[in-house]
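Observations on the three-dimensional arrangement
For reference, the chains in residue letters:
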Amino acid sequence: MSRERAIEAALERAARVPRRFRRFEVSAGTAARVHRIGEALLGEALDLGLAYEGSGADRRFDDFDLKNLGLALRIPSPAWLQVRLSAQPFNTAVVATTTYRARFQGREAGVREAGVLEPSPRLASGVLDGTLRRLGPDVFEADLRVSAGENAADADQGAADCARELGPLPAEAARLEYHLVPDELCDDAGFVRETRLADCRAGTTYLVHVAAAAGMPVRRAGGLLLAGAFPLPHHWIEVRRGDRWLPADPLYLTILAAYGLVDADRWPSHRSVVGTVWKICDSYAGLRFLTDADGRRVKTSVRILRRWP
């Protein structure tokens, strides 16, 4: 696809998001500094219909429009680098049962001075017993144990295949187009159905909705995608097999394969992703690591300090 066509496609997808959900607050300077969309590319996108508000030097752009433009062009923006990083767990030689030592640090302005951060109950219950420790007013460390399960090297051939349990979900995932979606729309299955736009959270919402309509035993999950030194908050589905719930991610595996970041033969969309993710919750509201004194979510960075078998 040519550069011009890629820009046009990104802008066409952006236009499917109702304007009332788009916030035109980003300056051209921020577009260049944060999103790596410099003056020349911004001008090209404007000529092709990039939406904005204001005029001249006071023009403002939507943050999600710029993120998605960076993804479409695969420029070294934070959004694209995050997608590239997220492929790492699927490109290791083997998926192995691993213990991770992780550091959780609050990122909210003023929190350090207030000294009121606490680990969320789900974080406290999800880490290895006795390993959660405070290092400072807004910093905690803990150990996480993640089983390779059906993806272990010595598992039976085909043990990680969820094809029967997933039914129509891989085909539904393949119909969707990867697009970072405003928070207000991420839990709206109707929006995803009508626009075919989805990121991991919106896509999970939609696939669980499809599964429920078909009477399938599927539920949502959230936590960390164990990518490199900086694991990423992520959402996926779980499908029941017997008395177990297997993590599966047909949408994201389809996305990574389309970008050429994973081997689709090794990671088909119906394969379980056990061993690559660490679950902490079953909803977006539960995806919180640190909280303030009132129990409210605090933006948190997560870093893997070491790992061992």
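Shown above is the structure to which this text applies.
The following paragraphs examine the structure supplied in this document.

Procedures and definitions
- Residues numbered from 1 in each chain as written.
- Predicted model: local features only at pLDDT ≥ 70, side-chain atom pairs only at ≥ 80, totals over all residues.
- Heavy atoms only, no water.
- Helix = DSSP H or I, 4+ residues; strand = E, 2+ residues; numbered from the N terminus.
- Contact = heavy atoms within 4.5 Å.
- Core = buried A, V, L, I, M, F, W, Y, C linked by side-chain atoms within 4.5 Å.
- Buried < 20%, exposed > 50% of the residue type's maximum accessible area, 1.4 Å probe, protein only.
- Salt bridge = Lys/Arg side-chain N within 4 Å of Asp/Glu carboxyl O.
- Pairing = 2+ DSSP bridges.
- Axes fitted to C-alpha atoms, helices over the stretch in contact; angles between N-to-C directions.
- Phe/Tyr/Trp six-rings, centres within 6.5 Å; stacked < 30°, edge-to-face > 60°.
- Lys NZ or Arg CZ within 6 Å of the ring centre and 35° of its normal.

1. Structural notes on the environment of L176
- Of note, L176 is situated in the loop between α9 (169-175) and β7 (177-178).
- C-alpha separation for the pair L176 and L197, spaced 21 residues apart in sequence, amounts to 5.8 Å.
- Setting aside its immediate chain neighbours within four residues, L176 contacts V192, R196, A198, Y206 and L251.

2. Some details on the nonpolar core
- If you look at the biggest cluster of nonpolar residues, it comprises 52 residues, and the most contacted ones within it are V83 and L169.
- In this structure, V83 is in contact with L71, Y178, Y252, L256, Y259 and L261, ignoring residues within four places of it in sequence.
- Membership of the second largest hydrophobic core comes to 21 residues, among which are A142, I280, L287 and V302.

3. Observations concerning the pattern of salt bridges
- Tallied over the full model, the rule gives 22 salt bridges.
- The salt bridge involving R101 is made with D143; its shortest N-O contact spans 2.8 Å. Placement of R101 in strand β3 (residues 98-106) and of D143 in strand β6 (residues 139-146) is noted, with a sequence separation of 42 residues between them.
- According to the relative accessible area criterion, R101 is partly exposed, its value standing at 23%.
- Judged by relative accessible area, which is 6%, D143 ranks as buried.
- The salt bridge involving R241 is made with E165; its shortest N-O contact spans 2.8 Å. Here E165 lies in helix α8 (residues 163-166) and R241 lies in strand β10 (residues 232-241), a separation of 76 residues in the sequence.

4. Side note on the sheet that holds strand β14 (residues 297-298)
- Spatially, the three strands line up as an open sheet ordered β4-β13-β14, and their pairing is antiparallel. The strands lining the two open edges of the sheet, one partner per strand, are β4 (118-119) and β14.
- Here two bridges tie β4 to strand β13 (residues 290-291), and the two strands are oriented antiparallel to one another. Across the sheet, residue E118 finds its bridge partner in β13, namely T291.

5. Digging into the sheet that holds β6
- On the basis of which strands lie adjacent, the open sheet formed by four strands has the order β5-β6-β3-β15 and antiparallel pairing. What marks the edges here is a single partner per strand, and that holds for β5 (133-136) and β15 (300-308). Ignoring which end each strand starts from, the neighbouring axes of this sheet average 30 degrees apart.

6. A look at unusual backbone geometry
- Residues other than glycine seldom take positive phi values, yet R36 does so here, at roughly 60 degrees.
- Within the secondary structure layout, R36 lies in the loop between α2 (28-33) and α3 (39-47).
- By relative accessible area, R36 is classed as partly exposed at 44%.
- Positive phi values are uncommon outside glycine, yet R196 reaches one of about 65 degrees.
- Relative to the assigned elements, R196 resides in the loop between α10 (189-195) and β8 (197-198).

7. Quick look at the environment of A32
- Secondary-structure assignment places A32 in helix α2.
- Distance in space between the C-alpha atoms of A32 and L42 is 8.5 Å, their sequence separation being 10 residues.
- Once residues lying within four places of it in the same chain are set aside, the contact partners of A32 are I37 and G38.

8. Notes on the packing of aromatic side chains
- A complete count under the given rule lists six aromatic pairs for this structure.
- Note on Y178 and Y252: the rings are 6.2 Å apart at their centroids and 75 degrees apart in plane angle, and the pair reads as edge-to-face. With a gap of 74 residues between them, Y178 in strand β7 and Y252 in helix α12 (residues 250-258) connect regions that are remote in the sequence.
- Residue classification places Y178 among the buried positions, given a relative accessible area of 17%.
- Seen from their ring centres, Y178 and Y259 are 6.4 Å apart, and the 85 degrees between their planes marks the pair as edge-to-face. Here Y178 is found in strand β7, whereas its partner Y259 is found in the loop between α12 and β12 (277-281), with 81 residues between them in sequence.
- One aromatic cluster in this structure is built from W80, Y178, Y252 and Y259.
- The aromatic ring of Y284 is capped on one face by R297, whose charged end is 4.6 Å from the ring centroid.

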